[in-house]
Amino acid sequence: MKKFDIKHDFVVKNIYEYYAKWIREGKLKVNSDWNKDLKIKFTVQDPCQIIRKSYGDPIADDLRFVVESIVGKENFIDMTPNKSNNFCCGGGGGFLQSGFKEERLAYGKVKDEQIKATKADYCIAGCHNCHAQIHELSEHYGSNYPVVHLWTLICLSLGILGPNEREYLGDDLKGVNVFHPETEL
Amino acid sequence: MAEAAIKIGGERKSIFKDKVMKLLPDGGNLNACLTCGACASGCPATGLSDMDPRKFLRMAALGMDEEILSSNWIWMCTMCQRCVYVCPMKINIPQLIFNARASWPRETRPKGILGSCDAALANESGSAMGTPVDDFKFVVEDVLEEYREAQPEFADMQAPIDKEGAEFVLNQNSREPVTEPDELIPLWKILHEVGADWTYTSKGWGGENYCMFLGDNDSWKHLAKQSADAATKVKCKTFLNTE
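Residues numbered from 1 in each chain as written. Chains lettered and ligands numbered in written order. Predicted model: local features only at pLDDT ≥ 70, side-chain atom pairs only at ≥ 80, totals over all residues.

Visitor: When you look at the sheet that holds strand S3 (residues 238–241) of chain B in this model, what are you seeing that I'm missing?
Guide: Adjacent strands of a sheet pair through backbone hydrogen bonds, lying either parallel or antiparallel. Read across the open sheet, the four strands follow the order S1(A)-S3(B)-S1(B)-S2(B); overall the sheet is parallel. Two strands lie at the open edges of the sheet, namely strand S1 (11–14) of chain A together with strand S2 (198–199) of chain B, each paired on one side alone. Relative to S3 of chain B, strand S1 (residues 168–170) of chain B runs parallel, the two sharing three bridges. The partner of Phe168 of chain B across the bridge, within S3 of chain B, is Thr238 of chain B. (Pairing = 2+ DSSP bridges. Helix = DSSP H or I, 4+ residues; strand = E, 2+ residues; numbered from the N terminus.)

Set out below in structure tokens:
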């Protein structure tokens with residue numbers, strides 16, 4: 001907007017900030033009880049565009065606040081390095097569509113190893129490019145950790161996630177806290 | 001094993017770097033490199049196509065325009081800016097990459113990115129998957145209706161398009177409406193739970209912008225402006241990026 005001097009009266013925000021705000025204000029009544037006994041571990045990808053390139057560490061902290069609120073503080077494991085210093089997954093900049101698949105997977109090896117080192121069962125990716133790339137890395141390098149959107153876990157934690165909204169959950173979570181199980185297709 | 005030394009001509013030409021420096025605030029600090037290698041050591045693209053960020057910048061400084069502008073590496077750097085973040089001199093290598101992309105004749109740039117940009121330009125959605133506005137509206141209305149019936153607790157859930165005066169305008173990645181509409185639901189449910197007053201816009205709803213990745217400034221601007229104007233038209237206060 002600034003680059004092209006496009007006139008506008010609105011502010012541009014990212015939804016992670018609002019998820020955190022709504023949880024703090026009590027509007028989004030999430031909790032991590034569903035994971036108390038399951039103890040499924042999660043790590044999170046910091047999207048370059050949202051964290052390093054736009055809002056910096058404060059929004060990375062919001063992202064962690066949201067994740068810890070829904071999966072439990074003890075079930076969140078951070079990658080190293082992280083936040084503004086995080087590595088790009090290799091899905092950005094058009095790489096997914098550039099045709100250089102072999103190179104893209106080689107690029108992503110850093111990310112895959114970073115995720116594996118956390119020993120987390122799941123990787124949360126709020127960005128679509130990250131989601132697609134990390135999902136492919138998970139299969140390509142054979143670890144097969146599921147890669148899941150943030151909104152899926154928020155709704156799971158709220159007990160309002162239906163059976164057909166679970167495309168990216170692993171088998172361990174397909175049947176947990178199902179809302180209207182009778183609607184399964 | 002050391003590689004053969006790169007031989008350069010006696011005449012320093014460096015046309016490309018100088019051109020880019022004129023475009024950037026403080027010239028992108030492109031002349032300030034200390035050659036420390038912090039960029040290259042933390043770049044996942046280091047080694048691809050026998051290139052890394054420091055090498056790219058040094059070659060630009062040496063005026064090796066032909067070599068760097070013909071390298072496919074410019075499409076393997078994701079412009080993630082980690083190199084800028086760790087650089088003691090805050091050198092904007094990603095802008096060098098962006099302008100290198102823009103220097104290629106448009107039709108020679110990677111077909112996938114070009115196709116996604118052109119698909120987004122072909123309709124008013126701004127969708128890289130080429131989805132027309134009417135198709136988007138149909139999917140949103142259809143899937144909303146389905147869930148209102150199947151899950152009566154959400155019988156009042158809304159997914160408005162072009163609702164004037166809504167506090168939030170949301171963009172939407174094309175992937176959900178086009179290939180997995182059920183994945184739209186969790187986001188809508190969250191917005192319903194918190195009582196958010198939100199809307200999509202019919203024009204420029206597509207959240208992705210492959211024209212930016214293509215290094216096509218005019219088309220990038222067109223897509224950004226299309227979304228911004230649509231948000232302005234409904235008197236949006238907050239444009240909310242959903243990913």
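Visitor: Even after reading the chapter, I still don't get helix H5 (residues 128–140) of chain A, so can you show me in this structure?
Guide: An α-helical turn contains 3.6 residues, so a residue and the one three or four places further along point in the same direction. Look at H5 of chain A: 18 Å from first C-alpha to last across 13 residues, which is about the 18 Å you get at 1.5 Å a residue. Within H5 of chain A the residues assigned to the buried category are His128, Asn129, Cys130, His131, Gln133, Ile134, Glu136, Leu137 and Ser138 of chain A. Those residues of H5 of chain A that are buried are in contact with helix H4 (101–118), strand S3 (122–124) and strand S4 (147–148) of chain A together with helix H9 (175–179) of chain B. Following H5 of chain A by one or two positions, Gly142 of chain A has its phi on the positive side, about 85 degrees. (Expected span 1.5 Å × (residues − 1). Buried ≥ 20, exposed ≤ 12 C-beta atoms within 10 Å, placed from the backbone. Contact = placed C-beta atoms within 7 Å.)

Visitor: When you look at the sheet that holds strand S2 (residues 42–44) of chain A in this model, what are you seeing that I'm missing?
Guide: Residues and elements named next belong to chain A. What the three strands build is an open sheet, ordered S2-S3-S4; its pairing is parallel. At either end of the open sheet lies a strand with only one pairing partner, and these are S2 and S4. Bridge analysis of S3 against S4 gives two bridges, and the strand direction is parallel. Bridge pairing in S4 places Cys123 opposite Val147.

Visitor: Whenever I open this one, the interface of chain B and chain A confuses me. Can you help?
Guide: When the parts of a complex come together, some accessible area is lost, and that lost area is often used as the size of the interface. Listed by partner, the interface residues are 49 residues for chain B and 52 residues for chain A. Counting only elements with at least two residues in the side of chain B that touches chain A, the list comes to helix H5 (82–86), helix H7 (111–121), helix H10 (185–193), helix H11 (210–214), helix H12 (217–233) and S3 of chain B. Split by residue class, the side of chain B that touches chain A holds 26 nonpolar, 11 polar and 12 charged. Bridge analysis of S1 of chain A against S3 of chain B gives four bridges, and the strand direction is parallel. Paired with Val11 of chain A across the two strands is Thr238 of chain B, which belongs to S3 of chain B. (Nonpolar A, V, L, I, M, F, W, Y, C, P; charged D, E, K, R; others polar.)

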